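Structural features, examined
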Amino acid sequence: MNILLLGAGGREHALAWKLAQSPRCTTLWASPGNPGIAEVIGDLNARRSCTTPGACTAIDLTDHAAVKTFCKAQDIGLVVVGPEAPLVDGLADSLRGAGIAVFGPGKAAAQLEGSKGFTKDMCTRAGIPTAGYVRARSAAEAHAAIAGFSLPVVIKADGLAAGKGVVIPQTAEEAAATIDDMFGGAFGGAGAEVVIEEFLEGEEVSLFALTDGSAIVAFGSAQDHKRVGEGDTGPNTGGMGAYSPAPVLTAELEARAMAEIIAPTVAAMAEAGMPYSGVLFAGLMLTARGPKLIEYNCRFGDPECQVLMMRLESDLVDLLEACARGELAAAEPTRLSDEHAITVVMAAKGYPGTPASGGLIENLSAAEAHGAKVFHAGTATDGTGALVAKGGRVLNVTATGSSLQEARDRAYAALADIRFDDGFWRGDIGWRELARQSA
Ligand code: AMP
Ligand code: GLY
């Protein structure tokens, strides 16, 4: 089968790496892809001696007709969508309308990520545990509603805001200013409506599930490190590192989250006439009263995907195709290894502000000789063919081990071999779990 993978980050490199391991993947295309994905595709082309070799190719993903034309021309049997923007934009609907199988939800179902208010209302209808909330469509409504919450309070722009649309004011003055900022356009259209939420106490964890709209398969847990600085300090980022599994989500808590959060969501979406297919990425808060939903994403996490792919033993093409075709109930049981996987993000200095661009990267093969896998997140090749940084998060140094400590030691040993003078990273990925284990 010919596969088209959409996206350009470390998540997509990990997906490409796993897709290409499937005997069912004949030709792999990526748009736009990155140098790491190009390497995966080059290896696959060589192994398959393809008559029409795959490649990284630039298709305008907002031009749905152009994506359809490409799929028809290359006889694409499955499109795998990495990031949320094309899903929220309805690309999956356009492709399905043309008879092309797609992994990822349509526009209506992608509202689970695209609108925080939509998700909160769905939780209310389905009795899903989540923080108490009010939706406000004007600054006046928001100012009036805020009085009903104690501090700290959580204020969220309703729409997609690249992970930056959540503010947690500690004082009433800060809360009032946040409301004015959001309705004043600080987050563009995403802040035209806000959700005000009760602040939840607990530890955060991510839970993944695959679904075709009715059948559901648990796909593992992970813990991200969103703050830029060690000890979870400094501004929020897309994620500076992750590990899987996250033992803080015990088997019992995971079963509870599947039964109380994931399953009722899939049922509520089907009932509302917008069945959800793809991966459901639930951000959970483990509160004293059990797991509560913080948010949904309609795609794999980045960098959580990288650690999940390291543990996945099943054929990824089979699984994603089964979701796309509504055949998940008949798929082989999903196997994730018992190993622990960890990924450490090497970012360009300046991230999450303005990252230094063009920094030289060397010695990746020496790093991989330690048994680690280095996924490209924001890299490019310059005019001389050298690998350089292009973006905030640049590399994901990823390793497995029989314990989290072993995986961590392997990843950091590999990282020490990489030459990236413009880069920085957190030295404490996995710290919460490692501290628990040594306590
Ligand atoms: P979100 O984009 O909804 O995941 O929110 C970003 C971050 O804000 C989360 O990862 C949490 O750390 C924090 N957050 C969001 N909602 C809440 C809440 N109700 N209580 C406490 N922290 C929250
Ligand atoms: N790492 C968090 C996310 O992908 O949303």
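This structure is a prediction, so every number in the text was calculated from the model and none was measured. (Residues numbered from 1 in each chain as written. Chains lettered and ligands numbered in written order. Predicted model: local features only at pLDDT ≥ 70, side-chain atom pairs only at ≥ 80, totals over all residues. Heavy atoms only, no water.)

1. Notes on the site of ligand 2
In plain terms, the rule: The rule for a residue being near a molecule or strand is that one of its heavy atoms must lie within 4 Å of it. Under this definition, polar contacts are N or O atom pairs within 3.5 Å; protein pairs additionally need one hydrogen-donor-capable and one acceptor-capable atom, and for neighbouring residues in sequence, both atoms have to be side-chain atoms. Three residue categories are used. Nonpolar comprises Ala, Val, Leu, Ile, Met, Phe, Trp, Tyr, Cys and Pro, charged comprises Asp, Glu, Lys and Arg, and polar comprises the others, including Gly.
Asp224, Gly238, Phe281, Asn297, Arg299, Gly301, Asp302, Pro303 and Glu304 make up every residue found near ligand 2. With respect to ligand 2, the backbone of Gly238 contributes an N or O atom lying 2.9 Å from a nitrogen atom. Backbone polar atom of Asp302 to a nitrogen atom of ligand 2: 2.9 Å apart, as the coordinates give it. When its residues are assigned to classes, the shell around ligand 2 shows two nonpolar, three polar and four charged.

2. Points about the site of ligand 1
To be explicit about the condition: The accessible surface values rely on the Shrake-Rupley method and a 1.4 Å probe; as for residues, cover is taken only from the protein chains in view. Only DSSP runs of H or I with at least four residues qualify as helices, and only runs of E with at least two residues qualify as strands; both kinds are numbered from the N terminus onward.
Contacts to ligand 1 come from 15 residues, most closely from Glu197, Glu198, Leu200, Glu204 and Glu295. Backbone polar atom of Leu200 to a nitrogen atom of ligand 1: 2.8 Å apart, as the coordinates give it. Residue Lys226 places a side-chain N or O atom 3.0 Å away from an oxygen atom belonging to ligand 1. Starting from 470 Å² of accessible surface for ligand 1 in isolation, the protein chains cover 89%. Elements represented by at least two residues in the shell around ligand 1 include exactly strand 6 (153-157), strand 8 (194-198) and strand 15 (290-297). For the shell around ligand 1, a count of residues per class yields eight nonpolar, no polar and seven charged.

3. What about the pairing of strand 16 (residues 340-348)?
Worth spelling out the cut-off: Throughout this description, buried means an accessible area under 20% of the type-specific maximum (1.4 Å probe, protein chains only), exposed means over 50%, and partly exposed covers the range between. What makes two strands pair is DSSP finding at least two bridges between them.
Across the nine residues that make up strand 16, a large majority, nine, are buried. What you see with strand 16 is no split at all: His340, Ile342, Val344, Met346 and Ala348 on one side and Ala341, Thr343, Val345 and Ala347 on the other are buried throughout. As defined by bridge partners, strand 13 (residues 241-244) adjoins strand 16 across four bridges and the pair is classed as antiparallel. Bridge pairing in strand 16 links Tyr243 to Ile342. Across eight bridges, the pairing between strand 16 and strand 20 (residues 393-401) is antiparallel. Within strand 20, the position partnered with Ile342 by the bridge is Ala399. With two bridges connecting them, strand 16 and strand 21 (residues 423-424) associate as antiparallel partners.

4. So, the side chain of Lys373
Filter applied, for reference: By definition, residues are in contact when any of their heavy atoms lie within 4.5 Å.
Structurally, the position occupied by Lys373 is in strand 17 (residues 373-376). Setting aside its immediate chain neighbours within four residues, Lys373 contacts Trp17, Met310, Glu368, Asn396, Val397 and Thr398.

5. Some words on the pattern of salt bridges
Between side chains of opposite charge, a pair can form as their charged atoms come close. What counts, and what does not: In the sections that follow, a salt bridge refers to a side-chain nitrogen of Lys or Arg positioned within 4 Å of a carboxyl oxygen of Asp or Glu.
If you walk through the whole model with that rule in mind, you get 22 salt bridges. Where Arg24 meets Glu321, a salt bridge forms, and the shortest distance between an N and an O atom there is 2.8 Å. On the criterion of sequence distance, the pair formed by Arg24 in the loop between helix 1 (10-19) and strand 2 (27-32) and Glu321 in helix 12 (residues 316-325) is long-range, its members being 297 residues apart. By relative accessible area, which is 13% here, Glu321 ends up buried. When the shortest N-O distance is used, the salt bridge between Arg256 and Glu260 registers 3.1 Å. Note that Arg256 and Glu260 are positioned in helix 10 (residues 251-271) at a spacing of four residues, about one turn of the helix. Residue Glu260 is classed as partly exposed on the basis of its relative accessible area of 29%. By sharing partners, the salt bridges in this structure join Arg24, Asp318, Glu321 and Arg325 into a single network.

6. Here's the deal with the environment of Ser337
For Ser337, the location among the structural elements is in the loop between helix 12 and strand 16. For Ser337 and Glu198, which are 139 residues apart along the polypeptide, the C-alpha to C-alpha distance reads 37 Å. If we ignore the near neighbours within four places in the chain, the residues touching Ser337 are Arg311 and Glu313. There is a polar contact of 3.1 Å between the side chain of Ser337 and the backbone nitrogen of Glu339.

7. Some words on the packing of helix 8 (residues 139-146) against helix 9 (residues 172-183)
Inclusion rule: Helix axes are fitted only over the stretch in contact, all axes being lines through C-alpha atoms; the angle between N-to-C directions runs from 0 to 180 degrees. To sort the angles, those under 35 degrees are grouped as roughly parallel, those over 145 as roughly antiparallel, those from 65 to 115 as roughly perpendicular, and the leftovers as oblique. Crossing handedness is defined as follows: a turn of the near helix away from the far one that is anticlockwise and smaller than a right angle gives a left-handed crossing, while the clockwise case is right-handed.
The interhelical angle for the contact between helix 8 and helix 9, taken along N-to-C directions, is 160°, at an axis separation of 10 Å. In terms of their interaxial angle, helix 8 and helix 9 are classed as roughly antiparallel. Seen along the crossing, helix 8 lies across helix 9 with a hand that is right-handed. Listed contacts from helix 9 to Ala139, Ala142, His143 and Ile146 of helix 8 are Ala175, Ala176, Ile179, Asp180 and Phe183. A class-by-class count of the residues in the contact of helix 8 with helix 9 yields seven nonpolar, one polar and one charged.

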